[in-house]
Amino acid sequence: MDTTAIAVQLQNVGKEIGNISFTTNNLWMMIATALVFIMHLGFATLEVGLTRSKNTVNILFKNSIIPAIGILTYAIVGFNLMFPGSQFAGGIFGFGGFGIKAGTVGLTSAYNPNFTYWTEFLFQGMFAATAATIVSGAVAERIKLNSFLIFSLLFVSISYPITGMWKWGGGFLETLGFYDFAGSTLVHSVGGWGALTGILFLGPRLGKYGKKGKINPIPGHSMPLAAIGVFLLWLGWFGFNGGSVLSANPGAVSLVLVTTSIAASAGAVAAMFTSWNLFKNPDITMVFNGILAGLVGITAGADLMSPMEAIAIGTISGVLVTLMVPLFDKMKIDDPVGALSVHLVCGIFGTLAVGIFGIKAGLGQLWIQIQGIFWVALFSITFSSLVWYLLKKTIGIRVSEEEEEMGLDLSEHGMESYPDFEKVI
Amino acid sequence: MDTTAIAVQLQNVGKEIGNISFTTNNLWMMIATALVFIMHLGFATLEVGLTRSKNTVNILFKNSIIPAIGILTYAIVGFNLMFPGSQFAGGIFGFGGFGIKAGTVGLTSAYNPNFTYWTEFLFQGMFAATAATIVSGAVAERIKLNSFLIFSLLFVSISYPITGMWKWGGGFLETLGFYDFAGSTLVHSVGGWGALTGILFLGPRLGKYGKKGKINPIPGHSMPLAAIGVFLLWLGWFGFNGGSVLSANPGAVSLVLVTTSIAASAGAVAAMFTSWNLFKNPDITMVFNGILAGLVGITAGADLMSPMEAIAIGTISGVLVTLMVPLFDKMKIDDPVGALSVHLVCGIFGTLAVGIFGIKAGLGQLWIQIQGIFWVALFSITFSSLVWYLLKKTIGIRVSEEEEEMGLDLSEHGMESYPDFEKVI
Amino acid sequence: MDTTAIAVQLQNVGKEIGNISFTTNNLWMMIATALVFIMHLGFATLEVGLTRSKNTVNILFKNSIIPAIGILTYAIVGFNLMFPGSQFAGGIFGFGGFGIKAGTVGLTSAYNPNFTYWTEFLFQGMFAATAATIVSGAVAERIKLNSFLIFSLLFVSISYPITGMWKWGGGFLETLGFYDFAGSTLVHSVGGWGALTGILFLGPRLGKYGKKGKINPIPGHSMPLAAIGVFLLWLGWFGFNGGSVLSANPGAVSLVLVTTSIAASAGAVAAMFTSWNLFKNPDITMVFNGILAGLVGITAGADLMSPMEAIAIGTISGVLVTLMVPLFDKMKIDDPVGALSVHLVCGIFGTLAVGIFGIKAGLGQLWIQIQGIFWVALFSITFSSLVWYLLKKTIGIRVSEEEEEMGLDLSEHGMESYPDFEKVI
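Enquirer: Just to check I follow, could you spell out the overall build of chain A for this structure?
Expert: Regarding its fold elements, chain A presents 14 helices and 0 strands. C-alpha extents for chain A along the principal axes are approximately 90 × 45 × 45 Å. Burial statistics for chain A: of 425 residues in total, 68% are counted as buried. Of all intrachain contacts in chain A linking residues separated by at least 6 positions in sequence, the fraction that spans at least 24 positions is 78%.

Enquirer: Which parts of the structure should I look at to understand the relation of the copies chain B and chain C?
Expert: Taken together, a rotation about one axis and a shift along it account for how the two chain copies relate. Taken as rigid bodies, chain B and chain C are interconverted by a rotation of 120° and an axial shift of 0.0 Å, the fit giving an RMSD of 0.0 Å. Taken together, the rotation angle and the small translation identify this as a three-fold axis. Relative to the rotation axis, the C-alpha of B:Glu422 is the closest in chain B, positioned 3.2 Å from it. Little of the interface of chain B is mirrored in chain C, where only 16% of its interface residues are also at the interface.

Enquirer: Would you take a moment to explain unusual backbone geometry for this structure?
Expert: Generally, phi is negative for residues other than glycine and the peptide bonds are trans, each holding for most cases. In this structure, A:Glu141 takes a positive phi of about 75° despite not being glycine. Here A:Glu141 is to be found in the loop between α3 (117–138) and α4 (145–167). Exposure remark for A:Glu141: the 25 C-beta atoms within 10 Å place this residue in the buried category. For B:Leu246, which is not glycine, the phi torsion reads 65° and is therefore positive.

Enquirer: Looking at this model, I keep getting lost on the interface of chain A and chain B. Mind explaining?
Expert: You'll often see interface size given as the accessible area lost when the parts meet. Each partner contributes to the interface: chain A provides 55 residues, whereas chain B provides 51 residues. Counting only elements with at least two residues in the side of chain A that touches chain B, the list comes to α1 (3–49), α2 (56–82), α3 and α14 (408–413) of chain A. Counting residues per element, the side of chain A that touches chain B draws most heavily on α1(A), which supplies 22 residues. Residue classes in the side of chain A that touches chain B are distributed as 36 nonpolar, 15 polar and 4 charged.

Enquirer: Just checking my understanding: could you explain the relation of the copies chain A and chain B for this structure?
Expert: With an RMSD of 0.0 Å, chain A superimposes on chain B once it is rotated by 120° and translated 0.0 Å along the axis. A share of only 16% of the interface residues of chain A reappears at the interface of chain B, consistent with the copies meeting through non-equivalent patches.

Enquirer: Could you clarify how one ought to interpret the environment of C:Ser306 in this entry?
Expert: Examined against the element boundaries, C:Ser306 turns out to sit in the loop between α9 (284–299) and α10 (307–330). Remark: the alpha-carbon pair of C:Ser306 and C:Gly78, spanning 228 residues in sequence, is separated by 34 Å.

Enquirer: Is there a simple way to think about helix α2 (residues 56–82) of chain C in this case?
Expert: Turn by turn, an α-helix covers 3.6 residues, leaving residues three or four places apart pointing in a common direction. Residues and elements named next belong to chain C. In this model α2 runs just 33 Å from its N-terminal to its C-terminal C-alpha over 27 residues, more than 12% under the 39 Å that 1.5 Å per residue would give. The sharpest bend along α2 comes to roughly 70°, located at Tyr74. Most of α2 sits inside the fold, with 25 of its 27 residues counted as buried.

Enquirer: Teacher, can you tell me more about the interface of chain B and chain C here?
Expert: Tallying the contact residues gives 55 residues for chain B and 51 residues for chain C. Among the secondary structure elements, those contributing two or more residues to the side of chain B that touches chain C are α1 (3–49), α2 (56–82), α3 (117–138) and α14 (408–413) of chain B. With 22 residues, the single largest contributor to the side of chain B that touches chain C is α1(B).

Enquirer: Whenever I open this one, the environment of B:Ser152 confuses me. Can you help?
Expert: Residues and elements named next belong to chain B. Structurally, Ser152 can be placed in helix α4 (residues 145–167). C-alpha of Ser152 to C-alpha of Ile134: the two residues are 18 residues apart in sequence and 10 Å apart in space. Filtering out sequence-adjacent residues up to four positions away, Ser152 remains in contact with Ile66, Ile69, Ala132 and Val135.

Enquirer: I would appreciate a short explanation of the packing of helix α7 (residues 223–242) of chain C against α9(C) in the present structure.
Expert: Angle between the axes and distance between the axes: these two values describe a pair of packed helices. Residue and element names in this part refer to chain C. Put simply, α7 and α9 touch, their axes get as near as 10 Å, and they point 15° apart. Considered as vectors, α7 and α9 are oriented roughly parallel to each other. Note on packing geometry: the crossing formed by α7 with α9 is left-handed. For the pair α7 and α9, the contacting residues are Met223, Ala226, Val230, Leu233, Trp234, Trp237 and Asn241 in the first and Ile284, Phe288, Ile291, Leu292, Leu295 and Thr299 in the second. For the contact of α7 with α9, the class distribution of residues is 11 nonpolar, 2 polar and no charged.

Thresholds applied
- Residues numbered from 1 in each chain as written.
- Chains lettered and ligands numbered in written order.
- Predicted model: local features only at pLDDT ≥ 70, side-chain atom pairs only at ≥ 80, totals over all residues.
- Helix = DSSP H or I, 4+ residues; strand = E, 2+ residues; numbered from the N terminus.
- Buried ≥ 20, exposed ≤ 12 C-beta atoms within 10 Å, placed from the backbone.
- Contact = placed C-beta atoms within 7 Å.
- Least-squares fit on C-alpha atoms with pLDDT ≥ 70 in both.
- Nonpolar A, V, L, I, M, F, W, Y, C, P; charged D, E, K, R; others polar.
- Expected span 1.5 Å × (residues − 1).
- Bend = angle between axes of the 7 residues up to and from the residue.
- Axes fitted to C-alpha atoms, helices over the stretch in contact; angles between N-to-C directions.
- Parallel < 35°, antiparallel > 145°, perpendicular 65-115°, else oblique.
- Left-handed = near helix turned anticlockwise from the far one by under 90°.

Shown next, in the form of structure tokens:
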């Protein structure tokens, strides 16, 4: 064997190693995609569990159609808005053209050493749809189906990708040094702003707020469904945060899974103690919210934190969510599933936490984080408000009082979710 | 270091690379197996969700036992019927002997560079059981438990592996050039034929079809359970189609996941619009069926299609399923969960789609596809009919009218599914 | 290219191969961790499904908090109790200090060629929490929430890691040659002993045992929830047993998945026939128990058995569980979900099976297995009894009769699980 033959063989070996590395990393990204997909089932069961049985079909309908709309519109415009390749207009807006097409390069590691074009599209598309799903729960039990679907379509195909591009597509927030690992701001607070504006344009559910500041609790109809939702969301977060490493790097991914799970755990325990002390009841919905709060809170910096810092972030998130749920009610902001307290409040806190805890902590970073939160908020609020406003002025966004009393299942879908069972209401 | 030593080292490097490649590919196949497994839970919750609460224990019982029977019989005869090694009788029938045994080669890449003997057995066994599960929903609410179990046992251990062998085991349909990537025909239409013959031998449920062609809807008892089923089936399809690549090849698997998810999404949206227009109601069961229709439709050619072609296939499937559900009812073919419209009709359409869309499209391929559908249908219908006939003549296949009124939970199992809740019926 | 340059390149190639191998193996361990995590949802839905609707919030609360407590305490003390590094006191007790910290080595294959420190922590932490969850179902419907939480905290953070260390941490049972692949003893019987002592200290539920030995069945309130639980547990066992290989070794992991699934299947079929013959009813809860029994039974030797031996172990486990459930009732040991029959009895049987079936079978091994079971039992019973005793003497462990009648959802949490539905009881 001469050295020339050896050199050729070594080159082949290098190629083969590259192929396997590509395959392994891409494998993780595909699994992460499947995990993010199952979050849609988590959101669906959580939201129906925390609302009344007369609106169950309606919520399931919305949450079944959202991933479909999300994936299709992401294929048509979203992906190319979020990853336009070469931005223009100062990193504020860019568009790579309609439709998706991998070409032959897109199937190989020439596109990216860790995943194919198709894997990236599907992972990011599953992500995009979650932002719209966050809105779904907050506006539940009184929104018109057609208006909600139009809002979701525009929100997921235009608003979410544009602000997403600012950071993940290489836009001006990336240039600024804004840090948001897996989307406390870019996904969760974005969904939260869409939810907040929706709630404000819709108003509270009938009977939620009585005279003299009386708040009438409207309990959800199935705690097992809510529990299924929370556990599936935690499971999905393995892919949401773990996949955001964008490779199967063992140290990075496993640390992220640890900080994510620890923050969820700390959020659960903190919410339990806070609610037990404040409301004298170990409230299961607060434990659920605490888990989700911890998950949202750690998301912006899941790769930057030590386990101890993850405990701190999860604990603060769990306390925050337990305090914010009654506070929103005092402000007569009627959010049936606590989406604002979880996704908006803890999304913002988690983004700030990057400047407070972990290896990037510092006043400079904190200031950058505040700017990122602000610009994303400004755009999302403006966009959402405009869409809600136009929908309200045209086809209307709220069902009639009779329809709301009857429940959206019968009024919007002409069917019941549980026809075999006697209902109290 | 002399060149001989280098040559030895290079050889070792080659072996190690082969080992890791084997490990990575096998890893994906094992995960795909787990994903196909969870489809059984998806079928279970979908079917109970779409039927009445008085038959819930019975359906859960069937769907819990089917994977068990499927795996055990696949170990005893099915696997060796489907992959007999060297066929005889012109690629129509072959048998590799009773029982499974890997030997030492079966644990290594010498068996297959991408998976072990055990991985292949379990992946294929999980697949096999799904064909029987498809039948379960169609014959629900009136079939005798013991007859159903005997049918399933024979169907999954003999009928399914024989027609499966024709293509995937290297039989005459493979020789013919028939294409069925992950089983629109070999799994879904096979299950569909078993379902259709079962329905015809059983007749409709009591009260389903009234006088003068009146069709009485029998709504399912839990839309959340149905939704859980649909989402788990979509998730499982990541493994069903993605695993059918039979390796973790990044380009191939990620494209398959994209076409699969896009077809599901297009099916959902198409079914939504079709049902909204035709029945003036956004019917959630049609959205569920639309998702499944898109998944079944893309299955035969998931690796051949572009995203745009996946949209076309998903859309047609979604329209088809929405039209077929009422059409079967007009023909008094009583299919409680829409299994025929989803698995049989879209299974056939998806198989034909290989000759219409994608890189294999052409009249020649279309003609081959038709032949494949025909031969598999002929065998499956004959086999199923024979079994149903013999069961009907011996132990009977239908419960008495009293038992059907009472519900199979009480009559067949002596227990209720929801003893704590007041029932309407 | 000279031989020196080639040698350098070969060295680099070796490093890269090591990196990918590390990445692939670690990837499987992370996925296995996610699968074990989802077992907590499986336990939650199984337990609520098999108990009454008036105690649903309470059980969900416990099962949502347990993984949180488990992960947090495992981070603080459990992991370092279980894997103390260098044991003292004769392999009976060791402690590696408070808190977890990977350091830079912990992120690389220098810690372990197959997984990072963080991956090991999270995988083992998810495992640990399952032991406490087993107790939850057995003591359901009458235990005080705060007492249960304190018991769980101590059990999962101190008792479980100490007995776990005896084998998996390199303690005296490892030295002895005790074999327990994935924890029939170390996880399932440990949980079972905690459950048994809890039941004995608590006593049976009100009304369960009447005069003259009359046993009043208290049926669970939702078979679909129970089914979801069983399927998720089976799915989770892919990670529980498959991950216990501690690498992605294709032959070893795929064999384990096959024996695991075959044992579950055999357990289901055996329990079906046994209950159908004995009780003249095809009892769905026995099929559920049969699946779980097969899974627990195979766990100690899943890597040692042939498929045929897995069938034997699964079958025996399925028969055992069906006989033990009524036997415990005869002994007035009130176990609402059959946790003792599944986890304790089949955990012990599975551990003994290592000495009876498979490649380690022999009287010598059997005797060692008996010793292992004995020592773990002794410690677990002593520890649990002490904690239960102290709790009973201080804050009390059982709710009042009024609270038990009313249900723990209202009495302990002030809320209902299904407020929209009319209840029979």
